[in-house]
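# Commentary on secondary and tertiary structure
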Amino acid sequence: MSVLSAFRDSSRARVILEQIRRRDTGPVCIMEFCGGHTVAIFRSGLRSVMPEHVRMLSGPGCPVCVTSNADLDRAVALAKTPGVILATYGDMLRVPGSQESLMQVKARGFDVEVVYSTLDALSLAEARPDREIVFFGIGFETTAPAAAAAVLQARTRGLRNFSLCSVMKLTIPGAKALLGAGDVHVDAVIGPGHVASIIGSDAWRFLPEDYGIPVAISGFETLDLLMATDALLRMIEEKSPDLVNAYSRIVRPEGNRKAWGMVEQVFDTRDTSWRGFGVLPDSGLALRESFSEFDADIRFNISIEESAEHPACRCGEVLRGVVTPLDCNVFGTSCTPESPLGPCMVSSEGSCAAYYHYQRVSTAVHPGD
Amino acid sequence: MCLAVPAKVLELRDNQMALVDLNGTQREISLMVLDGEAAVGDFVLIHVGYAIEVIDEEEAQRTLQLFEEIEAFENRTGNPPGTAS
Ligand code: SF4
């Protein structure tokens, strides 16, 4: 593991940080489009050691956070449907819906199971033929192959009591919506490493080509992020926006063709609603008609009342990069990770949670310490 | 959510499954979405129970070499690591 653990060696960080500090770019704003990066940037203390003219901003990179309240309410309604066991990833449990969270529904005696993997949901379906197992599937391109694989396995194994409620989304329409809205000026983008491992680094070429914005695909260790940031600043300095793959030990230009092929076999794109952005065309993944027997939306005719977000919550604007969590009046007072009012405070990758946990303790890679 | 972690393949099993060592814990994961083959001893990247990539150790080494070049350059130009320029 020595080669891989070398990426965690923060003593190496100082050297590249010096190089970053010498880059002559003028004020720049670098945005990351991945919740994993949000956390890694805070945890490594990168924000606090960047030169003053380099501003780091988070975009809509947390799938839990961009899930709309209407979709959350649908999950809650599914969990309350007689005979159903709702299975989902742990991240979703505490997110407040319009009335209640899945956690509250579970506490009231309905069956909500946290699973680590869709594999566990399939095992549950096999173990409980008397019940309907509905998997509430959130996530971006990284997570979609696991959902596709589950549906394909359910068909092979003849599982008739397994279905999927898909609220999965595609990152590129989200990124385009943010840039198109024009609320924030973005000079460079840290590209999502694990999304790119599936769809390929080339999928992000539209940033330099159509928007003139440099992009560096990055891993999640401190050295990866420093390397990506330095590549971005260099491209700004040289005024030559391009794509740099700074995570080549994982990401290939074409991505994981097999995984994405399975996603395309099982899912089609559809218009879907994002928190903070509204409905974005072709930004969601829905089961194809040929897999409709696994589609929970068809199997259970769920209708929900009008959904509502907490009136004080500014998650939508936080996700668009228009405000930071510190601009929210209830940040850290009535909204905390223990009693969150919005998803950005619940999810470990949400900006509000990251600010709450790391804001004042981020000094890990301070040079010269 | 998109977090994925490296793990070492310990054993290949039936139905495209494998036993891996994930930071000292043994876990069974699926190789179903992996493009290409994983062999015992390889490091794979695991996301929600599925291996999504085999980690390319040569590429990892190449990236580290880049750091070393930067470091050597810094030392040559009289900016030892850690000093402000
Ligand atoms: S601090 Fe809480 S209420 Fe405010 S935007 Fe974040 S999650 Fe919403």
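All of these numbers come straight from a predicted model, not from anything done at the bench.

Along its length, chain A carries 18 helices and eleven strands. Rg of the C-alpha trace for chain A: 21 Å, near the compact-globule value of 21 Å for 369 residues, within the 12% margin. Reported as C-alpha extents along the three principal axes, the dimensions of chain A are approximately 65 × 45 × 40 Å. For chain A, with 369 residues in total, the buried portion stands at 62%. Contacts spanning at least 24 positions in sequence make up 78% of the contacts within chain A whose residues lie at least 6 apart.

Right, let's get into the sheet that holds strand β4 (residues 112–114) of chain A. Residues and elements named next belong to chain A. On the basis of which strands lie adjacent, the open sheet formed by four strands has the order β4-β3-β5-β6 and parallel pairing. On the outer flanks of this sheet lie β4 and β6 (162–166), each paired with one strand and no other. Taking the axes of each pair of neighbouring strands and ignoring which way they run, one obtains an average angle of 30 degrees across the sheet. Pairing between strand β3 (residues 84–88) and strand β5 (residues 132–137): five bridges, direction parallel. Residue pairing across strands places Ile-85 opposite Ile-133, the latter belonging to β5. In the packing of helix α6 (residues 69–79) onto the sheet, contacts are made with β3, β4, β5 and β6, and the angle to β3 comes to roughly 140 degrees. Contacting β3, β4, β5 and β6, helix α8 (residues 118–127) runs over the sheet at an angle of about 170 degrees to β5.

Residues and elements named next belong to chain A. The element strand β1 (residues 28–32) is largely enclosed, with a buried count of five among its five residues. Here β1 shows no split at all, with Val-28, Ile-30 and Glu-32 on one side and Cys-29 and Met-31 on the other all buried. Taken together, the five bridges between β1 and strand β2 (residues 54–58) define a ladder with parallel strand orientation. The residue bridging Glu-32 from the neighbouring strand is Ser-58, located in β2. Both β1 and strand β7 (residues 188–192) contribute to a ladder of three bridges, which runs parallel. Within β7, the position partnered with Ile-30 by the bridge is Ala-188.

All names here are of chain A. Two numbers describe how helix α9 (residues 144–156) lies on helix α14 (residues 257–266): the axes approach to 8 Å, and their chain directions differ by 60 degrees. If you check the angle between α9 and α14, you find them oblique. The way α9 lies across α14 gives a crossing that is left-handed. Counted together, Ala-144, Pro-145, Ala-148, Ala-149, Val-151 and Leu-152 of α9 and Ala-259, Met-262, Val-263, Gln-265 and Val-266 of α14 form the full contact between these two elements.

All right, on to the interface of chain B and chain A then. Opposite the 44 residues of chain B that make contact, chain A presents 51 residues. Taken over both partners, the interface formed by chain B and chain A buries close to 4,300 Å², and the fraction arising from carbon and sulfur atoms is 65%. Taken together, the links from chain B to chain A amount to one salt bridge. Across the salt bridge formed by B:Glu53 and A:Arg252, the nearest N and O atoms sit 2.8 Å from each other.

The rules behind each value
- Sequence positions are assigned chain by chain, starting from 1 and proceeding in written order.
- Whichever chain is written first becomes A and whichever ligand is written first becomes 1, with later ones labelled in order.
- A pLDDT threshold of at least 70 governs which residues receive local features in this predicted model, and a stricter bar of 80 or more applies before side-chain atom pairs are shown or counted, although totals over entire chains, interfaces and linings include all residues.
- To get the side-chain values, take all heavy atoms of the structure and skip hydrogens and water.
- Secondary structure is summarised from DSSP: a helix means a run of H or I of at least four residues, a strand means a run of E of at least two, and numbering begins at the N terminus for each.
- Only C-alpha atoms enter the radius of gyration; for comparison, a globular chain is expected to reach 2.2 Å times N to the power 0.38, where N is the number of residues.
- Residue exposure (1.4 Å probe, protein chains only): buried if accessible area is under 20% of the type maximum, exposed if over 50%, otherwise partly exposed.
- We call two residues in contact when some of their heavy atoms are within 4.5 Å.
- One bridge is not enough; two strands pair if DSSP finds at least two bridges between them.
- To get an axis, fit a line to the C-alpha atoms, keeping to the stretch in contact for a helix; angles then go from 0 to 180 degrees between the N-to-C directions.
- Angles are sorted into four bins: roughly parallel if under 35 degrees, roughly antiparallel if over 145, roughly perpendicular if 65 to 115, and oblique for all others.
- For any pair of crossing helices, the crossing counts as left-handed if the nearer helix is rotated counterclockwise from the farther one by less than a right angle, and right-handed if it is rotated clockwise.
- Each of two parts loses accessible area, computed with a 1.4 Å probe, when they are put together; buried area is these two losses added.
- The term salt bridge refers to a side-chain nitrogen of Lys or Arg lying within 4 Å of a carboxyl oxygen of Asp or Glu.

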